[in-house]
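# Summary of the model geometry
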Amino acid sequence: MTAATADSPSPPSVVTALYFRTKALHAEAERTGIIRSLLRGEASRTGYILLLRNLLPAYRAMEHGLERHSGSPGIELLSSFRLARAHAIESDLATLCGERWIEDVPLLAAGEIYAERVAHAADGDGMRLIAHAYTRYLGDLSGGQILQRLLARTLKLRPSELTFYDFPHFADLELLKADYRRALDEAGAIAPDPQVVVEEGAIAFSMNIDLSCAVEVAAPHGPAAVAAVD
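Thresholds, definitions, all that
Residues numbered from 1 in each chain as written. Predicted model: local features only at pLDDT ≥ 70, side-chain atom pairs only at ≥ 80, totals over all residues. Heavy atoms only, no water. Core = buried A, V, L, I, M, F, W, Y, C linked by side-chain atoms within 4.5 Å. Buried < 20%, exposed > 50% of the residue type's maximum accessible area, 1.4 Å probe, protein only. Helix = DSSP H or I, 4+ residues; strand = E, 2+ residues; numbered from the N terminus. Contact = heavy atoms within 4.5 Å. Axes fitted to C-alpha atoms, helices over the stretch in contact; angles between N-to-C directions. Parallel < 35°, antiparallel > 145°, perpendicular 65-115°, else oblique. Nonpolar A, V, L, I, M, F, W, Y, C, P; charged D, E, K, R; others polar. Polar contact = N/O pair within 3.5 Å; in protein donor to acceptor, adjacent residues only side chain to side chain.

### Regarding the nonpolar core
One finds Tyr 48, Leu 78, Leu 151, Tyr 180 and Leu 184 to be the most contacted residues of the largest nonpolar core, which totals 70 residues. Here this core gets twelve residues from one element, more than from any other, and that element is helix α3 (residues 45–68). Those residues in contact with Leu 151 that lie beyond four places of it in its chain are Leu 38, Tyr 48, Lys 156, Leu 157, Leu 162 and Tyr 165.

As structure tokens, then:
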């Protein structure tokens, strides 16, 4: 049984289970690839642009999946937030390197593989999307806010180039994070097999690590090759 009954305790928190399952992977993600370079202030502007470009397909797949299942029990709790990060990424890419970003900035194999996995997670009842929403959206609301400040300081990025980390429709990001965490738990409690969601979280983190490493290898080091658009 996955749901609580009157004589049983409430179902375990899927967010807590995801946290413990992915804790080591989370630490590894911060120590490897372009994320490590960004956190240490060593990444180039072009490296950051390349990361955004390669995260975009995964966000598109996730948000398409959430919308497709917006009437499904559990997923509707998540889709109702309409966090729309894909649109923000597209806006940042256009501001960072012009409207031809889709031609000028390459999509790496790791970015395609990640997006394909997210699209696969949207198959069936879509419950595995819970893991990807946990990995990306809670990350954007937590470490992403720290990264936003680092990017402004180390790469001199302007607010108009950092809208990926802005949630203008929500006045209190801490409250949003708490509400979204609660929605993830409520969705996880409905999942037929919460452990499948937890294992999908480990896959999501592994794919983020692979993408980060691929971007680090592909990105030029030193002065950025892509200029800002005035």
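### Description of the packing of α3 against helix α7 (residues 109–121)
Where α3 meets α7, the closest approach of the two axes is 8 Å, and the angle between their N-to-C directions is 10 degrees. Between α3 and α7, the angle is such that the two are roughly parallel. Here α3 contributes Asn 54, Leu 55, Pro 57, Ala 58, Ala 61 and Met 62 to the contact with α7, which in turn contributes Gly 111, Tyr 114, Ala 115, Val 118 and Ala 119. Among the residues making up the contact of α3 with α7, the classes are represented as nine nonpolar, two polar and no charged.

### Here's the deal with the side chain of Arg 45
The topology assignment puts Arg 45 in helix α3. On the basis of relative accessible area, Arg 45 is assigned to the buried category, the value being 14%. In terms of polar contacts, Arg 45 uses its side chain to reach the side chain of Glu 161, at 2.9 Å.

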